[in-house]
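Chain by chain, the residues run as shown.
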Amino acid sequence: TLAGLPQVMEAWRIAGDVDYLLRVAVPDMAAYDDFYRRLTDAVPIKNLTSHFAMERTKFTSVYPVDTRTR
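Anyway, here's the lowdown on the structure attached to this text. None of the values given here were measured: they were computed from a predicted structure. (Residues numbered from 1 in each chain as written. Predicted model: local features only at pLDDT ≥ 70, side-chain atom pairs only at ≥ 80, totals over all residues. Heavy atoms only, no water.)

Some points on the overall build of the protein chain
Link 1 in the chain: When its secondary structure is counted, the protein chain shows one helix and two strands.
Link 2 in the chain: In sequence order, the protein chain lays out its α and β elements as β-β-α.
Link 3 in the chain: The C-alpha atoms of the protein chain give 16 Å as radius of gyration, which overshoots the globular expectation for 70 residues (11 Å, by more than 25%).
Link 4 in the chain: Referenced to the eigenvectors of the C-alpha coordinate spread, the extents of the protein chain come out at roughly 55 × 25 × 25 Å.
Link 5 in the chain: Across the 70 residues that make up the protein chain, the buried fraction comes to 10%.
Link 6 in the chain: Of all intrachain contacts in the protein chain linking residues separated by at least 6 positions in sequence, the fraction that spans at least 24 positions is 19%. (Helix = DSSP H or I, 4+ residues; strand = E, 2+ residues; numbered from the N terminus. Rg over C-alpha atoms; globule rule 2.2 N^0.38 Å. Buried < 20%, exposed > 50% of the residue type's maximum accessible area, 1.4 Å probe, protein only. Contact = heavy atoms within 4.5 Å.)

Printed below as a string of C-alpha cells:
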C-alpha cells in the first residue's frame, strides 16, 4: 500500500503507544489533506495522529563511532 504513496519518505513499525511512524513530504496543507484521504481510504486505520515539523534544526546520517581509538 505504501508503494502507491510516493509522499512517504520513511515508514517505521515502532513499539509503544503508536504502532507506525511515517515521514511524509508534501508541499502544503492541501497536499497533506489529499495524502491523508488517500491513506485512510487505502488502509483501515482506527486512530491517526499527525505532527508537523516546523523547522529542521539538525540532521546527520553519520554515526558517532570513534574508529581511531577503539
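Next comes the rest of the account.
Quick word on the pairing of strand β1 (residues 8-13)
A regular strand carries its side chains on alternate faces of the sheet.
Link 1 in the chain: Sheet topology note: the β1/strand β2 (residues 20-24) ladder contains five bridges and is antiparallel. By the bridge assignment, Arg13 is partnered in β2 with Tyr20.
Link 2 in the chain: What sits between β1 and β2 in their antiparallel hairpin is a turn of six residues, with Gly16 showing a positive phi close to 115°. (Pairing = 2+ DSSP bridges.)

Focus: the environment of Ser61
Link 1 in the chain: Of note, Ser61 is situated in the segment after α1 (29-42).
Link 2 in the chain: The exposed category is assigned to Ser61, whose relative accessible area is 60%.
Link 3 in the chain: Between the alpha carbons of Ser61 and Val26 there is a distance of 22 Å; along the sequence they are 35 residues apart.

Regarding the packing of aromatic side chains
Link 1 in the chain: As enumerated under the stated definition, the model contains three aromatic pairs in all.
Link 2 in the chain: An angle of 45° between the planes, with centres 6.3 Å apart, marks the rings of Tyr32 and Phe35 as tilted. Highlighted residues: Tyr32 and Phe35, both in helix α1, separated by three residues, approximately one helical turn. Here the two residues Tyr32 and Phe35 agree in accessibility, since each one is buried.
Link 3 in the chain: Summarising the aromatic geometry, the rings of Tyr32 and Phe52 are spaced 5.1 Å apart at their centres and angled 80° between planes, so their arrangement reads as edge-to-face. Of this pair, Tyr32 sits in helix α1 while Phe52 sits in the segment after α1, and the two are 20 residues apart along the sequence.
Link 4 in the chain: Under the relative-accessibility criterion, Tyr32 is labelled buried at 15%.
Link 5 in the chain: Taken together, Tyr32, Phe35, Tyr36 and Phe52 form an aromatic cluster joined through their ring pairs.
Link 6 in the chain: Sitting over the face of the ring of Phe59, Arg56 holds its NZ or CZ atom 4.3 Å from the ring centroid. (Phe/Tyr/Trp six-rings, centres within 6.5 Å; stacked < 30°, edge-to-face > 60°. Lys NZ or Arg CZ within 6 Å of the ring centre and 35° of its normal.)

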